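Secondary and tertiary structure notes
Residue strings, one per chain:
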Amino acid sequence: MEELEEVELPADSYIGYEDRDRIGDFDYNDFGMRATISETYLDDELQTIDMEFTSRVHRAGDSHDIHIERMLDNAVEWELTLTRNHTAGGNEKVEVTDEVGSGTLDVVLFDTDNFTQGNTATLSVEITSGSVSPPTTSPRPDVAADNALFEVYDPYMQNKSQGTTIDLGTIQDDVVQSEIGGGTVEGTWNESDVPNIIVVPDTEFNPPDEQETITGPYPDFNNYYGSDSTEDTLSLDSTYDDWFTP
């Protein structure tokens, strides 16, 4: 008997970005979006992907493209429809793009030069050839991003002028923990490692204002991302797994 299975990112998860990999103000509002991702499998073979993203905030001064990448083998073929509701020249515009391809999917969801809150991007993907098994392992241990889909998905940010990227694996490692709540942090002796991208599975989550770091409304952020002598490693205190709950 054939069995259908869904692998999902919790509906309307918040994905928030710090756009500098060595210095940040820890508000995770350089860009922020709501994200829902669902994959459907039939007897452990990927059939379809449905994604929806809604822009929430953009307070960075730099220009970025916000991507979603889904890793696939080169032998895998797919068809996709991308629908974007965005802003162009001050006017709302709807774009629909159909594409046939193979291998890894890499789609620009939002261009922050043409940003307004509430812009949407939806993707529908059908696998037409090739075999894809469900992801099984989360690449990050923190509860907010601990989802097997992130084994194969990366919601990365690319600086359009510099070409640099912030991806799901980017960690700020030279951070004094006590300064996370104190404004801009210069690189100093490592006490705490914090991610540049947070994923919060909470529909009520709101990022801090520009003049406030994340430890203002969410003081347990500091406690959760605890001290560690190893650079580029997230060291967590599970007592504060719900740090994003006010």
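Every chain's residues receive numbers from 1 upward, in the order its sequence appears when written. Two thresholds apply to this predicted model, a pLDDT of at least 70 for residue-level local features and 80 or more for giving and counting side-chain atom pairs, whereas whole-chain, interface and lining totals are computed over all residues. No hydrogens and no water enter the side-chain calculation; it runs on all heavy atoms of the structure.

**Considerations on the pattern of salt bridges**
Opposite charge on two side chains makes pairing possible when the charged atoms of those side chains draw close. Take a side-chain nitrogen of Lys or Arg and a carboxyl oxygen of Asp or Glu: if they are within 4 Å of each other, that pair is a salt bridge. In the structure shown here, the tally under the stated rule is eight salt bridges. In this structure, Asp19 engages Arg20 in a salt bridge whose closest nitrogen and oxygen atoms are separated by 3.9 Å. Look at Asp19 and you get buried, because its relative accessible area is 15%. Arg20 gets classed as partly exposed once you look at its relative accessible area, which sits at 42%. Asp113 is the salt-bridge partner of Lys160, the closest N and O atoms lying 2.7 Å from each other. Taken as a pair, Lys160 in the loop between strand 10 (157–159) and strand 11 (165–166) and Asp113 in the loop between strand 7 (105–111) and strand 8 (120–129) lie far apart in primary sequence, 47 residues in all. Only protein chains enter the accessibility calculation, which uses a 1.4 Å probe. A residue is then buried if its area is under 20% of the maximum for its type, exposed if over 50%, and partly exposed in between. Labels follow the DSSP assignment, with helices taken as runs of H or I lasting at least four residues and strands as runs of E lasting at least two, numbered in each case from the N terminus.

**As for unusual backbone geometry**
Of note in the backbone geometry, Asp12 takes a positive phi value of approximately 60° without being a glycine. If you trace the backbone, Asp12 turns up in strand 1 (residues 4–17). The class for Asp12 is partly exposed, based on a relative accessible area of 37%. The backbone of Asp44 shows a phi angle near 65°, a positive value even though the residue is not glycine. Counting through the fold element by element, Asp44 comes out in the loop between strand 2 (31–42) and strand 3 (45–57). Given a relative accessible area of 43%, Asp44 falls into the partly exposed group.

**Regarding the packing of aromatic side chains**
The criterion for an aromatic pair is that two Phe, Tyr or Trp rings (for Trp, the six-membered ring) have centres within 6.5 Å, with stacked assigned to planes under 30 degrees apart, edge-to-face to planes over 60 apart and tilted to the rest. One pass over the structure, following the stated rule, counts eleven aromatic pairs. Taking the centre distance of 4.8 Å and the plane angle of 50° together, the rings of Phe221 and Tyr225 count as tilted. Each of the two residues, Phe221 as well as Tyr225, counts as buried. Ring plane angle 85° and centroid distance 5.5 Å describe the contact between Trp243 and Phe244, whose orientation is recorded as edge-to-face. Assigned by exposure class, Trp243 and Phe244 land together as buried.

**With respect to the nonpolar core**
One broad trend across soluble globular proteins is that nonpolar side chains are buried collectively. Residues grouped as a nonpolar core are buried Ala, Val, Leu, Ile, Met, Phe, Trp, Tyr and Cys residues, joined through side-chain atoms within 4.5 Å. Membership of the largest hydrophobic core comes to 39 residues, with the highest contact counts inside it found for Met33, Phe53, Leu109 and Tyr153. Taken together, the elements giving at least two residues each to this core come down to strand 1, strand 2, strand 3, strand 4 (64–70), strand 5 (77–88), strand 7, strand 8 and strand 14 (197–200). No other element matches the five residues that strand 2 contributes to this core. Residue contacts for Phe53: discarding those within four places in its chain leaves Met33, Arg34, Ala35, Ile37, Ile68, Leu109, Phe110, Asn119, Thr120, Ala121 and Leu123. The next biggest cluster of nonpolar side chains, apart from the first, holds 18 residues, and it includes Tyr28, Ile171, Tyr218 and Leu234. By the convention used here, residues are in contact when the closest approach between their heavy atoms is within 4.5 Å.

**Overview of the confidence of the model for the chain**
Residue-level confidence of the predictor, termed pLDDT, takes values from 0 up to 100. Residues at a pLDDT of 70 or more form 87% of the chain, whose mean pLDDT is 86. Across residues 181–190, confidence stays below pLDDT 50; counting only partners more than four residues off in sequence or on other chains, it has 32 contacts.

**Overview of the environment of Thr165**
Its place among the elements puts Thr165 in strand 11. Along the chain, Thr165 and Asp65 lie 100 residues apart, while their C-alpha atoms are 9.5 Å from each other. Apart from residues no more than four positions distant in its own chain, Thr165 is found in contact with Tyr156, Met157 and Gln158.

**Examining the side chain of Ser38**
On the secondary structure map, Ser38 appears in strand 2. Look at Ser38 and you get buried, because its relative accessible area is 11%. Residue contacts for Ser38: discarding those within four places in its chain leaves Glu6, Val7, Glu8, Thr48, Ile49 and Asp50.

**Some points on the pairing of strand 4**
For strand 4, a buried count of six out of seven residues is recorded, marking the element as mostly surrounded by other parts of the structure. Any two strands between which DSSP finds at least two bridges are classified as paired. Pairing geometry for strand 4 and strand 7, over six bridges, is antiparallel. Bridge pairing links Ile66 to Phe110 in strand 7.

**Here we look at the environment of Phe221**
As for its placement among the helices and strands, Phe221 is situated in helix 1 (residues 220–224). In the structure, Phe221 is positioned 20 residues away from Asp241 in sequence and 9.2 Å away in space, judged by C-alpha atoms.

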